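A closer look at the structure
Here is how the chains run, residue by residue.
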Amino acid sequence: MLTLEPVYVLLGAFLLFAAVADLRAKRVANAAFWALVAVPFLFGKAILTASTAGVQWPAQAMGVGVLALGALAARAKRSASVPARDEAERAARAGNRLFLPALLIPLVTVAIVLACQYLPGLMAPLLDLKQATLIALGLACVIAFAAALRVTGAAPASGLHEGHRVLDALGWAAILPMLLATLGSVFAATGVGDAIAAIVEAVIPVDSRLACLVAFALGLVLFTAIMGNAFAAFPVMMAGVGLPLLVHRHGAHPAILGAIGMLTGYCGTLLTPMAANFNIVPAVLLELPDPYGVIRAQWPTALALLVVNFGLLWWLA
Amino acid sequence: MNAWPLIGVAVVVAGFAMRRNPALVVVVAGVASGLAAGKPLGELLALLGNAFVGNRALLLLALTLPAIGLLERHGLRERARDWILSFRGLTLTRLLVAYLGLRQVLSMLGLTNVAGHAQTVRPLVAPMSEAAAERDAGELAGDERMRVRALAAATDNVGLFFGEDVFIALGAVLLIQGFYAQHGIDLQPLQIALWALPTAVAAFVLHAARIAWFRRRLRADAARRAREARDADT
């Protein structure tokens, strides 16, 4: 049965390839950076297993690695992308067949995910259904890479070099989502959420339904913006304001409050650089000069939806 | 209550405002919060290490890079542009609104990882949007080209977020259900999920209107530039 572990190891191997290629090009900071990023993929399972068994030094060493990544992030150079003329000449040769491998990534992912959903009996012996989506994505990438090699007639090594080129163009932005999720864990473990909920409770007049609803909605947006993740904000604001004040005191409908409350948090996700994988990484991927360009393009939608959600909460919940 | 760990939040806000390297800011914020909460160094390091490893699934998208990088080197983005240009009636509005709707529907069906910034926006949707915008409005000014790209990425985000969890119970709905269950309120996942539908419809309408508005302004600006150029000639 295929688990997520081989997919992780494969990604670790690609990251090691990038590190070696950077070392050969005398880009030492980049090489050290990718080598450190490869560690959680190659040894992640061992680190977590040791930690559960009470052996903390591997996790602590990884923690030192995280500090080093922060220090290296500013030093690793981001490389430029391909010249457009090169692209144009080759495009004429390969033609529309180029689309096939690119579309294989979404298509193969969908096919495997749907198969796991509707034919669990058939798929269960093949792959770990709990991680089906991510395993499907990993398989789709391998298949698409093979197809891309075939269509372009390139050697596998040159394919990996092209991947490394895009990876170096991403640089630190590639691991920002992981670092932010790590920060979220630290915030949770140090009680940052409880402190914010306590402050919100201390400042609102609890007898007013309007005030409670405003505090709930704005609290969700603000806390999501700080944590970069509505999933982290939701339980905190629900426990602090939603459940005790809105559901118990003012009789809000729990299902409506929960569903629309979560989507109110998503409005915050559209507004914050902390949600790096949605807002900062694409700005880098699309080579925008302004790292906040994507946020600038979507904040009006986010604010309009915030108003809509607030209205829905007021009338329905 | 210990308010000191909030210092991590202050570090994040200050660091982003001062435009320091975000990766460095985030690491410093984590250390600041941990130390302010009185965590021993060893425990804090283990917490950082375990959390970093535990969240490694977030980098799996990097597995798309060899295929996408290779195809781009052989002209995928150029090809995407040419392909869009072969459809006469496909305006920027129609292209992006169709993508928005498709992304919302896929996301409703739980197929959230199917599209995305690395998989579809950079190689396909962004160059297609640029091509459509160029046909709509003529040559794009440098800043306009960047705004078209940014709008393509924003459209992906809006479609993903506000389609999620309408019909199929995934992450968010299960989180909501789990929260209530812990506090003694039992709800069915579908009961929660369907209430996401009004917001999903509103998101589609509002963002589609913004895309149409963006295209109108792009055309108006291009027409004004052309007029000015003509006036300068005569």
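For clarity, every value in this text was computed on a predicted model and none was experimentally measured.

Analysis parameters
Residues numbered from 1 in each chain as written. Chains lettered and ligands numbered in written order. Predicted model: local features only at pLDDT ≥ 70, side-chain atom pairs only at ≥ 80, totals over all residues. Helix = DSSP H or I, 4+ residues; strand = E, 2+ residues; numbered from the N terminus. Buried ≥ 20, exposed ≤ 12 C-beta atoms within 10 Å, placed from the backbone. Domains from an automatic or database assignment. Expected span 1.5 Å × (residues − 1). Contact = placed C-beta atoms within 7 Å.

1. What about unusual backbone geometry?
A negative phi angle is the norm for most residues apart from glycine, just as the trans form is the norm for most peptide bonds. Residues and elements named next belong to chain A. Phi is positive for K26, close to 60°, though the residue is something other than glycine. For K26, the position within the fold is in the loop between α1 (5–24) and α2 (28–52). A count of 8 C-beta atoms within 10 Å places K26 in the exposed class. One non-glycine residue with positive phi stands out, namely E287, at about 60°. Assignment of secondary structure puts E287 in the loop between α15 (281–285) and α16 (293–316).

2. Digging into the domain arrangement of chain B
On domain assignment, one finds that chain B holds domain 1 (4–54) and domain 2 (64–233). Each of domain 1 of chain B and domain 2 of chain B has a C-alpha centre, and the two are 33 Å apart.

3. Thoughts on the environment of G178(B)
When you line up the elements, G178(B) lands in helix α9 (residues 171–182). When the C-alpha positions of G178(B) and L58(B) are compared, they lie 23 Å apart, and in sequence the two are 120 residues distant.

4. Points about helix α6 (residues 92–108) of chain B
All names here are of chain B. Look at α6: 24 Å from first C-alpha to last across 17 residues, which is about the 24 Å you get at 1.5 Å a residue. When α6 is considered as a whole, its buried residues turn out to be L92, L95, L96, Y99, L100, R103, Q104, S107 and M108. Its buried side turned inward, α6 meets α5 (76–85), α7 (117–137), α8 (142–161) and α11 (197–233).

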